[in-house]
Amino acid sequence: MTVRAVEHWLLDPLHGFVREAQARLVLVMTPAGQVLAQSGFARALDVMASAALGAAIAASTAELARQLGQPPFPVLSHQGERHGIFLSRCTTGRGPLVALVVYDLDVTSLGLVQLFFEQLAAELVAASPRVAAPRPVLAADFERELDDSLNALFRR
Amino acid sequence: MTPGALGPILDRVTRVRGVRGAMIVSGDDGLIVVAQLMEGVKGPAVAALAASLANRLGRALEAAGLGASPFWHLQAEQGALLVVPTPTGMLVVAVADPDVNVGMARLELLRVAEVAR
């Protein structure tokens, strides 16, 4: 399974996770939906749609948790007939990250995905660079940065 | 039967000398339903990996035309893993010392499986 990353420190931990958990699709993104790494996706459009939806689910459930007066739910899992979706977050030196994992139920299990995600989260914390000082997002840069990210994620 | 009610049933397994912990695990997703574990036993990891192994072992036995396995025992240098699958897809799992009385542990695992089915 091919793993692509915008930021190279994500590559090794993600490779290990995909291999061990036997995940079908993986997205690592910021809570805002900016994709940092992906595995298994063939089309940029799918990545962008999945990232937007994953980030939206993470934001909705975080708000639900806030209204219940508790910290954000650490894990969200949906199981269908053939596939499962696992959404979780971790805090790294790079800032909080959200991971969206899709897995085949006849290949792996929620328990395995969860187990190896804990390992991935620990490796990401260890490998992450310290967060850079935030800079203003300029409209002029936005399209170029998005293009650069998609090029890195799909080697276009 | 609720997970709370299953807890005391695991006492039967954990009372066997040399058993470090026992769990009832959902075989499909590898998650713990109920567990009694000594400190240091990584329950979620054992549950997830044992369920994965049980799944593959079941497929191998099926492919070989051998039918279902009522009990399996993995002996390692520093301990043993004992598993009884139930017809409903649960697994009764024990983590034990290398010198555990396997016969006694097996008997108790089968009794728990009978109740948990």
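Quick look at the structure, then. (Residues numbered from 1 in each chain as written. Chains lettered and ligands numbered in written order. Predicted model: local features only at pLDDT ≥ 70, side-chain atom pairs only at ≥ 80, totals over all residues. Heavy atoms only, no water.)

Brief notes about the nonpolar core
By size, the foremost hydrophobic cluster in this structure holds 31 residues, and its most contacted members are Leu10(A), Leu14(A), Phe17(A), Val26(A) and Leu97(A). With nine residues, the top contributor of residues to this core is helix α3 (residues 110-127) of chain A. Among residues more than four places away in sequence, those in contact with Val26(A) are Leu14(A), Phe17(A), Val18(A), Ala37(A), Gln38(A), Ser39(A), Phe41(A), Leu100(A) and Val101(A). Val13(B), Ala80(B), Val84(B) and Ala113(B) belong to the second largest nonpolar core, which has 22 residues in total. (Core = buried A, V, L, I, M, F, W, Y, C linked by side-chain atoms within 4.5 Å. Buried < 20%, exposed > 50% of the residue type's maximum accessible area, 1.4 Å probe, protein only. Helix = DSSP H or I, 4+ residues; strand = E, 2+ residues; numbered from the N terminus. Contact = heavy atoms within 4.5 Å.)

Some words on the packing of α3(A) against helix α2 (residues 43-63) of chain B
Think of two packed helices as two axes; the pair is described by the angle between the axes and how far apart they sit. Running from amino to carboxyl end, α3(A) crosses α2(B) at an angle of 135°, the nearest separation of the two axes being 8 Å. Of the possible angle classes, the one that applies to α3(A) and α2(B) is oblique. Considering the relative orientation of α3(A) and α2(B), their crossing is left-handed. Contacts from Gly111(A), Leu112(A), Leu115(A) and Phe116(A) in α3(A) reach Ala45(B), Ala48(B), Leu49(B) and Ser52(B) in α2(B). Here the residues of the contact of α3(A) with α2(B) are counted per class, giving six nonpolar, two polar and no charged. (Axes fitted to C-alpha atoms, helices over the stretch in contact; angles between N-to-C directions. Parallel < 35°, antiparallel > 145°, perpendicular 65-115°, else oblique. Left-handed = near helix turned anticlockwise from the far one by under 90°. Nonpolar A, V, L, I, M, F, W, Y, C, P; charged D, E, K, R; others polar.)

Structural notes on the interface of chain B and chain A
On the chain A side, the residues contacting the 10 residues of chain B number 11 residues. Counting the surface lost from both chain B and chain A, the interface buries some 730 Å², and carbon and sulfur atoms represent 58% of this. Scanning the region where chain B abuts chain A turns up four residue pairs in polar contact (both at pLDDT 80 or more). Along the lines of polarity and charge, the residues of the side of chain B that touches chain A split into four nonpolar, two polar and four charged. (Buried area = accessible area lost by both parts, 1.4 Å probe. Polar contact = N/O pair within 3.5 Å; in protein donor to acceptor, adjacent residues only side chain to side chain.)

Notes on the side chain of Thr92(A)
Residue and element names in this part refer to chain A. For Thr92, the position within the fold is in strand β5 (residues 83-92). Here the side chain of Thr92 touches Arg94 through a polar contact of 3.1 Å, landing on its backbone nitrogen. A distance of 2.8 Å separates a polar side-chain atom of Thr92 from the backbone oxygen of Gly95. If sequence neighbours within four positions are ignored, Thr92 has contacts with Trp9, Leu97, Leu124, Val125 and Ser128.

Comments concerning the environment of Gly30(B)
Structurally, the position occupied by Gly30(B) is in the loop between β1 (19-26) and β2 (31-37). Spatially, the C-alpha atom of Gly30(B) lies 9.2 Å from that of Leu91(B), the residues being 61 residues apart in sequence. Here Gly30(B) is in contact with Ser109(A), Gly111(A), Val25(B), Ala47(B), Ala48(B) and Ala51(B), once residues within four sequence places are set aside.

Things to note about unusual backbone geometry
Of note, Gln22(A) is a non-glycine position whose phi angle comes to about 55°, a positive value. Looking at where Gln22(A) falls in the secondary structure, it is placed in the loop between α1 (11-21) and β2 (25-29).

A look at the pairing of β1(B)
Residue and element names in this part refer to chain B. Among the eight residues in β1, seven count as buried, and that is most of the element. As paired strands, β1 and strand β5 (residues 90-96) are joined by seven bridges and run antiparallel to one another. Paired with Met23 across the bridge in β5 is Val93. Note that β1 and β2 share six bridges and pair antiparallel. Bridge pairing in β2 places Val25 opposite Ile32. The antiparallel hairpin formed by β1 and β2 contains four residues in its connecting segment, where Gly30 sits at a positive phi of about 70°. (Pairing = 2+ DSSP bridges.)

Points about the environment of Gly21(B)
Residue and element names in this part refer to chain B. Checked against the element boundaries, Gly21 lands in strand β1. Take Gly21: its relative accessible area is 0%, and that puts it in the buried class. As for Gly21 and Gly65, which are separated by 44 residues in sequence, their C-alpha atoms are 32 Å apart. Beyond its immediate stretch of four places on either side in the chain, Gly21 contacts Thr14, Gln36, Leu37, Met38, Val93, Ala94 and Val95.

Structural notes on the pairing of β5(B)
All names here are of chain B. With respect to burial, β5 is a largely interior element, six of its seven residues being buried. Bridge count for strand β4 (residues 79-85) against β5 is six bridges, and the pairing is antiparallel. Across the sheet, the residue bridging to Leu82 is Ala94, located in β5. What sits between β4 and β5 in their antiparallel hairpin is a turn of four residues, with Gly89 showing a positive phi close to 95°.

Quick notes on the sheet that holds strand β4 (residues 75-79) of chain A
Residue and element names in this part refer to chain A. Taken together, six strands build an open sheet; the order of strands is β1-β3-β2-β6-β5-β4 and the sheet is antiparallel. Pairing within the sheet leaves two strands with one partner each, and these edge strands are β1 (3-5) and β4. When the angles between neighbouring strand axes are averaged without regard to direction, this sheet yields 10°. Across three bridges, β1 lies against strand β3 (residues 35-39) in antiparallel orientation. In the strand pairing of β3, Val3 is matched with Ser39.

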